[in-house]
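Fold and contact review
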Amino acid sequence: MTRKQTLLAALTLAVIVASGWVFLTPTPSFEQARSATRSSEAVLLDRHGVVLQRLRLDKQRRMLEWIALQDISPSLQQAVLVAEDKRFYQHAGVDLLAAGSAWLDNLQRTRARGASTITMQLAKLLNQAAANSAQNGWAAKLGQIRMALALELHWSKAQILEAYLNSVTFRGELVGIDAAARGLLAKGPNGLDSMDAAILASLIRSPGAARSRLAKRACATLQAMPASMHLPAKKQPCLEVTLRTALLPSRPFPIPGIDDAPHLARHLLTHNGERIKSSIDASLQRFARDTLRTHLAQLAEQNVEDGAVVVLDNHSGEVLAYVGSSGDLSGAAEVDGVSALRQPGSTLKPFLYALAIDQGWLNASSVLDDSPLALTTPSGLYIPQDYDRHFQGAVSVRTALGASLNVPAIRTLTLVGVDPFLETLRGLGLNSLTRDAEHYGFGLALGGAESSLLQLSNAYRVLANGGVWQEVTFSPGGQMATAASNKKQLFSPQASFIIGDILADPGARTITFGLSSPLSTRTWAAVKTGTSKAMRDNWAIGYTDRYTVGVWVGNFSGAPMWDVSGITGAAPVWRDIIEYLHQSRHSQQPAAPAGVLQQQVRYQPAIESPRQDWVILPRQTAQTPAQQNLASQTYASQTSANQTPANQTIVVNVTPSSATLIAPPDSAIIAPDPDIPQPRQALLLQSGGSGRSCLLLDDKAVAACGKSKALVPLPLPGKHRLTLTDAHGKLLDTHTFEVRGLQVPGKPK
């Protein structure tokens, strides 16, 4: 073999080896590279695929959506080619002319000039981990060349340029053309002119360059671009590009995005780049948010700045709207009002009455006593008051619940028991109630605990679903909530139906709210309001045949509202959302379940007008004397509901409440106040109930018969007896109490 043939064979072998070296290079496909490029943000979608929220999770870099090449300004594409790779469309991944020119230049300059093509730079970006191990070494450069040749073999030039523009760092944390254009110029990638393009292209080689150096490079890039891409109105483009460069922000502009569900996004989005479809309806979400903000703006002068809304689908448990705060109206907009624990006030009362009905104690027409009540508890005397601080006397359960009277609720709690009621609330999903029954005491009936808007709203959904509890779900389709293992029957369908009927009855609310209030809607809806101590929380939660809507307003700071009640705070927001949900379809009143009959009810004496009412005739239930006294209720009949003719009139005989002593409570221990002079120490004696009764202290009258209160000088230290008799001297009630002596400093106790 001649020398020429040997050389040719060696060259052929080298070409074959090199080709195999390139061809066998592990190379991702274009689709794989695009899928692996993860945005720094996660995206929350609504049930229809509409973007609700963008949430940045990667704090090291800012990368937005992958932008297709046809959606990137042609000026930007041209500027990048001019600045980084003039012969991009002529070479096969390695520009030998540029490499030779750079080698000659580097012989005469101290600062080396590179000759990496766009394809080589992309190869480095795709294999960043390997490049970091020997970033400037020959091995790393050789690997880039190999990968670049392989990319040119498998990808089109358009794909290479598109991937490069979406992966390269422009400045600081801004990666990709979308983040760079919006973060530095507040423009989209398709809206860049030639000067914008020259500035961004000049950043690629040195992202941290000073503005003066960047301006010179941008000017050179602009002058090298085709004349057709220059702005014709600019006679001094270099001066203009220098001015624009000087105006670049020191920190990237905030990149605007969809901001419709920030609190829910923080719950659901955990990984950057993910896109999660939720159960939220975007149009409903925005309406609920705007409605809340509008009403809160009207309450600004009443010291109200925060609020939250949640909307649930009754059947599936899907969360259709989740508004965590009032946004910029709030001083703590990041706090999530849907999941925050607040005092629920009277919103717990429907569950208390439902439990009492299921236990057989009460019906809607049963009578409760709304008169002064004092209960002795381990922590002291508990004396509940009604909202308007007036007492109504004998009232039906329908009126007591509809008008949200406090004392009848406490009397009902004495029937069902604090422990059973607490367990019922926990079964309803109020898992924030972690203390024992003794801790909550009788105040549990009036909301003396903490729960969240989401928990409470889902508890009301139980009443809407005939007493069946299910978890809520944030996934469209309600897959989780419809699982059979996820259902619990907490109330009977009969009790749930009656409670819903009461909550939807405007007449039952008249005493407290009047006939016309924001609780009245054009469609059928059951609703209850609640206000916590010191006016810190205000609620309106209710349901239709399709939806459950919960609204909370207040202040995340804990500051009290000024003159805001259930019907002026949360209720108007609740009503507007209910009307929006049923603007094209009215809610239908639920059908009465088996075992519930509607019958004529008449009271004797007529404490309330005769009416048609739903009746579950009570089961035989043994009552203790204390329960009978505290409840002061009278049942109409002891026959079962399905044995009573539908046309029979039930006459409820209202037995006047027996007179009882209220203060001081039985077995009380009273200590003098050392800051009050002894002659001015006094003790309040008080009785409750109807009839002409007489108060006696140690068998001596302290007031004229018929007076229920008497303020007397504090009795001497020792045990005393307070009695209550009728006008004929018959004993009605008796309490004993002890007065302690005033402790003198320095003397033993």
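Note that the structure is a prediction, hence the values are computed from the model and not measured.

So, how was this worked out
Residues numbered from 1 in each chain as written. Predicted model: local features only at pLDDT ≥ 70, side-chain atom pairs only at ≥ 80, totals over all residues. Heavy atoms only, no water. Helix = DSSP H or I, 4+ residues; strand = E, 2+ residues; numbered from the N terminus. Contact = heavy atoms within 4.5 Å. Pairing = 2+ DSSP bridges. Axes fitted to C-alpha atoms, helices over the stretch in contact; angles between N-to-C directions. Salt bridge = Lys/Arg side-chain N within 4 Å of Asp/Glu carboxyl O. Buried < 20%, exposed > 50% of the residue type's maximum accessible area, 1.4 Å probe, protein only. pLDDT = per-residue confidence, 0-100. Left-handed = near helix turned anticlockwise from the far one by under 90°. Nonpolar A, V, L, I, M, F, W, Y, C, P; charged D, E, K, R; others polar. Phe/Tyr/Trp six-rings, centres within 6.5 Å; stacked < 30°, edge-to-face > 60°. Lys NZ or Arg CZ within 6 Å of the ring centre and 35° of its normal. Polar contact = N/O pair within 3.5 Å; in protein donor to acceptor, adjacent residues only side chain to side chain. Core = buried A, V, L, I, M, F, W, Y, C linked by side-chain atoms within 4.5 Å. Disulfide = S-S within 2.5 Å. Parallel < 35°, antiparallel > 145°, perpendicular 65-115°, else oblique.

**Considering the overall build of the protein chain**
The helix and strand tally for the protein chain stands at 24 helices and 27 strands. Taking the contacts inside the protein chain whose residues are at least 6 apart along the sequence as the reference set, 70% of them involve residues at least 24 apart.

**Things to note about the sheet that holds strand S20 (residues 660-663)**
Strands sit in the order S20-S22-S25 across an open sheet of three strands; the sheet is antiparallel. A strand with exactly one partner marks an edge of an open sheet, and here the two such strands are S20 and strand S25 (709-713). Within the sheet, the average angular offset between the axes of one strand and its neighbour, ignoring direction, is 25°. As paired elements, strand S22 (residues 682-688) and S25 share five bridges and run antiparallel to each other. Paired with Leu685 across the two strands is Ala710, which belongs to S25.

**Here's the deal with the sheet that holds strand S18 (residues 611-615)**
One open sheet holds the three strands; their spatial order is S18-S17-S19, and the pairing between them is mixed. Each having just a single partner strand, S18 and strand S19 (649-653) make up the two edges of the open sheet. The mean inter-strand angle of the sheet, taken between neighbouring strand axes irrespective of direction, is 50°. Judged from the five bridges that link them, strand S17 (residues 597-604) and S18 form a sheet pairing that is antiparallel. Residue pairing in the sheet places Gln598 in a bridge with Trp614 of S18.

**Description of the pattern of salt bridges**
Taken as a whole and judged by the stated rule, the model has 32 salt bridges. Put simply, Asp501 and Arg398 hold a salt bridge, and the shortest N to O gap is 2.8 Å. Separated by 103 residues along the polypeptide, Asp501 in helix H21 (residues 493-503) and Arg398 in helix H16 (residues 397-402) bring together distant segments of the chain. The same class applies to Asp501 and to Arg398, which are both buried. Between Asp699 and Arg721 there is a salt bridge, with the nearest N and O atoms lying 3.3 Å from each other. Of this pair, Asp699 sits in the loop between strand S23 (693-697) and strand S24 (700-701) while Arg721 is found in strand S26 (residues 718-726), placing the two residues 22 residues apart along the sequence. One network of salt bridges, in which partners are shared, links Arg398, Asp501, Asp505, Glu608, Arg611 and Asp613.

**Comments concerning the confidence of the model for the protein chain**
Counting all residues, the mean pLDDT for the protein chain is 83, and 82% of those residues have values of 70 or more. Note that pLDDT drops below 50 for residues 129-134; the model gives that stretch two contacts with residues more than four away or on any other chain. Counting contacts from residues 620-644, a segment whose pLDDT is below 50, to residues more than four positions away or on other chains yields 61 contacts.

**Observations concerning the packing of helix H9 (residues 177-185) against helix H10 (residues 194-205)**
As a packed pair, H9 and H10 sit with axes 11 Å apart at the nearest point and diverge in direction by 115°. By crossing handedness, the relation of H9 to H10 is classed as right-handed. Residues Ile177, Ala180, Ala181, Leu184 and Leu185 of H9 touch H10, and the partners they reach there are Asp196, Leu200 and Leu203. Across the contact of H9 with H10, the residue classes tally to seven nonpolar, no polar and one charged.

**A short note on the packing of aromatic side chains**
The final tally for this structure, using the stated rule, is ten aromatic pairs. For the ring pair Tyr322 and Phe474, a centre distance of 6.0 Å and an interplane angle of 65° mean the geometry is edge-to-face. In this pair, Tyr322 is assigned in strand S7 (residues 319-323) and Phe474 in the loop between strand S12 (468-469) and strand S13 (488-489), connecting sequence segments 152 residues apart. Given a relative accessible area of 22%, Phe474 falls into the partly exposed group. Aromatic ring contacts, followed pair by pair, group Phe30, Trp66 and Trp155 into a single cluster. Across the ring face of Phe88, the terminal group of Lys157 is positioned such that the distance to the ring centre comes to 4.4 Å. Cation over ring: Lys488 sits above Trp469, and NZ or CZ is 4.5 Å from the ring centre.

**Observations regarding the side chain of Ser432**
Tracing the backbone through its elements, the reader meets Ser432 in the loop between helix H18 (418-427) and helix H19 (437-440). Among the residues examined, Ser432 registers a relative accessible area of 18% and is labelled buried. At 2.5 Å, the side chain of Ser432 and the backbone oxygen of Glu450 are in polar contact. For Ser432, the residues in contact, after removing those within four places along its chain, are Leu341, Tyr440, Glu450, Ser451 and Gln455.

**Some thoughts on the pairing of S7**
Burial runs high along S7: five of the five residues are buried. In this sheet, S7 lies alongside strand S6 (residues 306-313) in antiparallel orientation, the contact comprising four bridges. Across the sheet, Val311 pairs through a bridge with Ala321, a residue of S7.

**Digging into unusual backbone geometry**
Of note, the bond from Gln604 into Pro605 is cis; its omega dihedral lies within 30 degrees of zero at 0°. For Pro605, the position within the fold is in the loop between S17 and S18. The residue Asp699 is not glycine, and still its phi comes out positive at about 70°. Relative accessible area serves as the criterion here: at 57%, Asp699 is assigned to the exposed category.

**Quick look at the nonpolar core**
The biggest cluster of nonpolar side chains holds 79 residues, and the ones touching the most others in it are Phe351, Tyr353, Leu362, Phe421 and Leu425. Discounting chain neighbours no more than four positions away, the residues touching Tyr353 are Leu362, Leu368, Val397, Ala400, Leu401, Pro408, Ala409, Thr412 and Ile499.

**Description of the state of the cysteines**
One pass over the structure, following the stated rule, counts two disulfides. Paired by a disulfide, Cys219 and Cys238 hold their sulfur atoms 1.7 Å apart. Its S-S torsion of approximately 65° makes the covalent link between Cys219 and Cys238 right-handed. Placement of Cys219 in helix H11 (residues 211-224) and of Cys238 in helix H12 (residues 237-246) is noted, with a sequence separation of 19 residues between them. At a sulfur-sulfur separation of 1.8 Å, the disulfide partner of Cys694 is Cys705. Between Cys694 and Cys705 the sulfur-sulfur dihedral comes to about 110°; the bridge is accordingly right-handed. Taken together, the positions of Cys694 in strand S23 and Cys705 in the loop between S24 and S25 put the pair eleven residues apart, joining distant regions of the chain. Of the residues examined, Cys705 reaches a relative accessible area of 29% and is grouped as partly exposed.

**Concerning the packing of helix H15 (residues 349-358) against helix H17 (residues 406-416)**
Here H15 crosses H17 at 45°, and the two axes come no closer than 10 Å. Considering their axes alone, H15 and H17 lie oblique with respect to each other. Two packed elements cross with a definite hand, and for H15 against H17 that hand is left-handed. Across the interface between the two elements, Lys349, Leu352, Tyr353, Leu355 and Ala356 of H15 pack against Asn406, Pro408, Ala409, Thr412, Leu413 and Val416 of H17. Per-class residue counts for the contact of H15 with H17 are eight nonpolar, two polar and one charged.

**Some remarks on the environment of Ile577**
Position of Ile577 relative to the elements: it lies in helix H23 (residues 571-581). For Ile577, a relative accessible area of 0% corresponds to the buried category. On a C-alpha basis, the gap between Ile577 and Ala288 in space is 6.5 Å, while along the polypeptide they are 289 residues apart. Apart from residues lying up to four places away in sequence, Ile577 is in contact with Phe287, Ala288, Val309, Val311 and Val549.

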